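Summary of the model geometry
Here are the chains, one letter per residue:
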Amino acid sequence: MASLELIDIRKSFGNVQVLHGVTLAIERGQFVSLLGPSGCGKTTLLRIIAGLESVTSGSVRIDERNVTDMPPEARDIAMMFQSYALLPHMSVRENVRFPLRMRRHGTRAEQDQRVQAALETVQLAHLADRMPRQLSGGQQQRVALARAIVSDPKVLLLDEPLSNLDARLREDMQVELIELHRRLGLTTVFVTHDQEEALSLSDVVVLMNGGRIEQIGDPQSIYESPRTRFASEFLGSANLIPVSVGEGASGLQALLPGGETIAIAADTQPRDKAYLVLRQEDLKLLPLRSDVRGDFEAFVETRVFLGARIRYVLRTADLRLKCLAPATDLFAPGERVAVQVPARMAQVIAA
Amino acid sequence: MVKGVPEWLKVLSWIFVALTLTFVLGPLVVVAGVSVSESQFIAFPPTGFSLRWFNAIFESNAYVQALLTSLRLAFAVTVTATVIGAGAAIALHRRRLPGTAALAGLFLSPLILPSIIFAIGLLMLWSASVGAVSFPALWIGHTVIAIPYVVRTTLAVLADSDPFLEEAARTMGAGRWQRIIYVVLPQCAPGLAAGAFFAFNISFDEAVIALFLRTPDLVTLPIQIYNQLEFSPDPTVAAVSTLMMGLTVLLIAVIDRLLGIQRFVGN
């Protein structure tokens, strides 16, 4: 059963249309990411779900109930803001109790119990009597999270909640969010512009571009089979090479601008104009020797050491390709290498 | 290499500091000095030491009446200016009303409008529409000139606040009144307190409007001082002034202790 349904949502601010008909159904307990570059409409969509923004047309249904014209306070939701939005004049405990108090949720004793449980969930019970300004950024964020889950909302909305944290805290928090979601099973909508975050956290990734849904799918399918140029460039910043697709000696192949051919997956049609999508980590670099057969040759233009991996910028006569290789595949700038492309990794999309 | 401050500039800055101290604090010292003088003339430096003029104030019906009028007025003005100013500041901060900029200008205009013009205008308006001048006329007049201070101090604290707090409160189920009580007013509180303090002081201290809108039964303390000075000057004038000074300093100390006055002066 759909816990949250968006039906042909359109939104204009004055003359500028920011959402061009978004339709989406989210199952109960799913963790869904709205992923896209800034200005793609993902935050506006989240605010429409919350009721903080009205729709120009379309409808929002939460638990089979039409809430399109309901103010946020009447919708059974919780939202975590990018700035955390803790009430500065209230203690941690009072902040977490606030939603229960506003909704007259149970007796005072029951409220205290739920607050305690929510604070324990985010491991902050020992700081319950502190004021928000006495907490670190990471702790403030946990308070905001506790406040969002305390009332057991029908939908939990998260607006780029990890973007203000430093890298390490962010990784810890991602793990905690996954565990929290598994434990509580709240239907969750998460807005982010960070593709890795979206892929690692969600059951479903909704890729948005220019106020439309570009592609929906589980993380693996959306990563491995991007259907559009935008999707392939945004997810993993793949290399896009203009090719033509034709029948070769051993099945379909893509003809590169330099005349090389690369075998590709069978589920495409021959056509004159297409893009070959080569993700950076799918290119295999090998030393150029007589016993090594690559799909094409290139020379290393730049090498960037990233720790566990190395990013190479490769050059052929006609192409410039980025490649992520394991740190063990060491080549010097200027060196010539053979490049192998596993056929199942070579996707073709329409130009 | 940074050059040191040249000698002549140092001298100039010391002169500047000395002049500032002289003209800011000098008059207050003179008034306080005269108030404890034994002489029955207003003369500085004082001769001898006596508290008889302070005694005389509290034995004078006119002074006590004027003090009560001033206090009553200042409290009433504090309440109205704070309530109206807070509402105006919150509305201006949200920028949802049409013509927010024009309204902001209107609310702040008493700061730059010469108060004598406002006083004359209010007197004519009141006479034409209501009739004889009375307490409410003065109350309204002082409220108008006190509102800008409340608006400014409240806007200052609102500008520092998280703009998403109210939206967050909505997603937590808080309706309009709950948001005002639990979110908006607590945020405004320091600004309101400072604004209330300014409002009280402005009304208590104001002389121009009070001069135009006075009647025999409606004389504030500054006007009583003025009357006394004009018709039978004696050191009671200085004693009253010293008391007013003391009260103001006390208020500043209290407010500063509670809120820190500094953050409102800069804005």
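Structure first, text after, so check above.
A few points on the structure. (Residues numbered from 1 in each chain as written. Chains lettered and ligands numbered in written order. Predicted model: local features only at pLDDT ≥ 70, side-chain atom pairs only at ≥ 80, totals over all residues. Heavy atoms only, no water.)

**Quick look at the overall build of chain B**
Of the regular secondary structure elements, chain B holds 12 helices and 0 strands. Element order for chain B, N to C, with α for helix and β for strand: α-α-α-α-α-α-α-α-α-α-α-α. Here chain B holds 267 residues, and 40% of them are scored as buried. Total accessible area on chain B is roughly 14,900 Å²; 71% of this is exposed by carbon and sulfur atoms. Side-chain charges of chain B comprise 14 positive and 13 negative groups, with the mean position of each set lying 13 Å from the other. (Helix = DSSP H or I, 4+ residues; strand = E, 2+ residues; numbered from the N terminus. Buried < 20%, exposed > 50% of the residue type's maximum accessible area, 1.4 Å probe, protein only. Areas by Shrake-Rupley, 256 points an atom, 1.4 Å probe, with all protein chains shown as cover. Lys, Arg positive; Asp, Glu negative; His and termini not counted. Charge placed at Lys NZ, Arg CZ, Asp CG, Glu CD.)

**Observations regarding the sheet that holds strand 16 (residues 296-305) of chain A**
Residues and elements named next belong to chain A. Pairing is antiparallel across the open sheet formed by 5 strands, whose spatial order is 15-19-16-17-18. The sheet terminates laterally at strand 15 (284-287) and strand 18 (320-326), the two strands that pair on one side only. The mean inter-strand angle of the sheet, taken between neighbouring strand axes irrespective of direction, is 45°. By the bridge criterion, 4 bridges tie strand 16 to strand 19 (residues 336-340) in an arrangement that is antiparallel. Opposite Phe296, over in strand 19, you have Val339 as the bridge partner. (Pairing = 2+ DSSP bridges. Axes fitted to C-alpha atoms, helices over the stretch in contact; angles between N-to-C directions.)

**Concerning the pattern of salt bridges**
Residue and element names in this part refer to chain A. Here the structure, examined in full by the defined rule, presents 24 salt bridges over all chains. Residue Lys42 is joined to Glu160 by a salt bridge in which the shortest nitrogen-to-oxygen separation is 3.9 Å. One end of the pair, Lys42, is in helix 1 (residues 42-50); the other, Glu160, is in the loop between strand 7 (155-159) and helix 5 (167-184), and 118 residues separate them in sequence. Residue classification places Lys42 among the buried positions, given a relative accessible area of 4%. Between Arg101 and Glu94 there is a salt bridge whose closest N-O contact spans 3.3 Å. On the basis of relative accessibility, which here comes to 25%, the residue Arg101 falls in the partly exposed class. (Salt bridge = Lys/Arg side-chain N within 4 Å of Asp/Glu carboxyl O.)

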